[in-house]
Amino acid sequence: MCSRCWVWVIVMLAAGCFHSSSDTNGDAGADGGSGDTPCTLASLDLKVATLSGCSTEAHIDGPRGTAYFANPVNMKLGPSGIAYVADFDTSYLRRVDTTGTVTTLFEQQGFSLPFGMLVMPNGYLLVETDDDDTNMHSSNTGTLWLIDPASGNGHVLVRDHGRPRGLALAPDGTVYTADYVHHA
């Protein structure tokens, strides 16, 4: 199993590093992941199955078996069953519906290297990016964005917040972050 796919095995979404026995395309074919050759995914009736994504890195939206990710590092389930995916290498926030269809939810200049995510009680997403909104990258440039999944709009809430990876919401509404660079 590749090191970048551990999150996906747990949450039943995969970038293709976790191959089912029915994945007959291996590396998604000779097209190098262009999307011309769909991959074969096991039935969603299984207890553990790949919801969407093929084994080659790319940014391709589409139905299950034709969509590709590029280093999906985190995901959260929304109240309606929609999965929100931080696609790190493309710097996009992606949405996967219950049939496995993938669409790009959020892409914006300055939204770079998304990682940590949290679904807020109002349905909005809090997303951490490693770079700030001017594309600066350092151990202190972590930025928290608030994104509305209904409209696809988002804006910066907090700049230069270290490098938070884990985000958690306390019952009183306080957001806690875990900063792996600063061990805080």
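Residues numbered from 1 in each chain as written. Predicted model: local features only at pLDDT ≥ 70, side-chain atom pairs only at ≥ 80, totals over all residues. Heavy atoms only, no water.

Asks: Provide a residue-level description of the confidence of the model for the chain, including the pertinent values.
Replies: Put simply, the chain has an average pLDDT of 82, and 80% of its residues get 70 or more. In this model, residues 1–32 is a region of pLDDT below 50 whose contacts with residues beyond four sequence positions or in other chains number 63 contacts. (pLDDT = per-residue confidence, 0-100. Contact = heavy atoms within 4.5 Å.)

Asks: Describe in detail the pattern of salt bridges, supporting the description with residues and values.
Replies: Where charged atoms from two side chains of opposite charge approach closely, those side chains can pair. If you walk through the whole model with that rule in mind, you get six salt bridges. Among the ionic pairs, R94 bridges to D87, the shortest N-O distance being 2.6 Å. Here the two residues R94 and D87 agree in accessibility, since each one is buried. When the shortest N-O distance is used, the salt bridge between R165 and D130 registers 2.4 Å. In this pair, R165 is assigned in strand β9 (residues 164–169) and D130 in the loop between β6 (125–129) and β7 (143–148), connecting sequence segments 35 residues apart. The exposure classification of R165 matches that of D130, with both residues buried. (Salt bridge = Lys/Arg side-chain N within 4 Å of Asp/Glu carboxyl O. Buried < 20%, exposed > 50% of the residue type's maximum accessible area, 1.4 Å probe, protein only. Helix = DSSP H or I, 4+ residues; strand = E, 2+ residues; numbered from the N terminus.)

Asks: If you had to explain the nonpolar core to someone new, which residues and values would you point to?
Replies: Core analysis: the largest hydrophobic core is formed by 17 residues, its most contacted members being L93, F106, F111, L125, V127 and I147. Only β2 (83–87), β4 (102–106), β5 (114–119), β6 and β7 provide two or more residues apiece to this core. The residues contacting V127, other than those within four sequence positions of it, are L93, F111, P114, G116, M117, T143, L144, W145 and I147. By size, the runner-up hydrophobic cluster in this structure holds eight residues, among which are F69, A83, V96 and V102. (Core = buried A, V, L, I, M, F, W, Y, C linked by side-chain atoms within 4.5 Å.)

Asks: Describe in detail the environment of L41, supporting the description with residues and values.
Replies: Along the polypeptide, L41 turns up in the loop between α1 (6–11) and β1 (72–77). On the basis of relative accessible area, L41 is assigned to the buried category, the value being 19%. In the structure, L41 is positioned twelve residues away from G53 in sequence and 8.8 Å away in space, judged by C-alpha atoms.

Asks: Explain the sheet that holds β7 to me, using residue names and the numbers behind them.
Replies: Two pairing modes exist for strands in a sheet, parallel and antiparallel, and in both the strands are linked by backbone hydrogen bonds. In space, the four strands of this open sheet follow the order β5-β6-β7-β8, with antiparallel pairing throughout. A strand with exactly one partner marks an edge of an open sheet, and here the two such strands are β5 and β8 (153–158). Each adjacent strand pair in this sheet contributes to an overall mean axis angle of 25 degrees, direction not counted. Sheet analysis places β5 next to β6, joined by four bridges and oriented antiparallel. Each residue of the ladder has a partner; that of L118, found in β6, is L126. (Pairing = 2+ DSSP bridges. Axes fitted to C-alpha atoms, helices over the stretch in contact; angles between N-to-C directions.)

Asks: Give me the sheet that holds β1: which residues, what numbers.
Replies: Here we have four strands laid out as an open sheet, ordered β1-β2-β3-β4, and antiparallel in their pairing. On the outer flanks of this sheet lie β1 and β4, each paired with one strand and no other. The sheet shows a mean angle of 30 degrees between the axes of neighbouring strands, direction not considered. Sheet topology places β1 next to β2; five bridges connect them, and they run antiparallel. Bridge assignment links P72 to a residue of β2, and that residue is D87.

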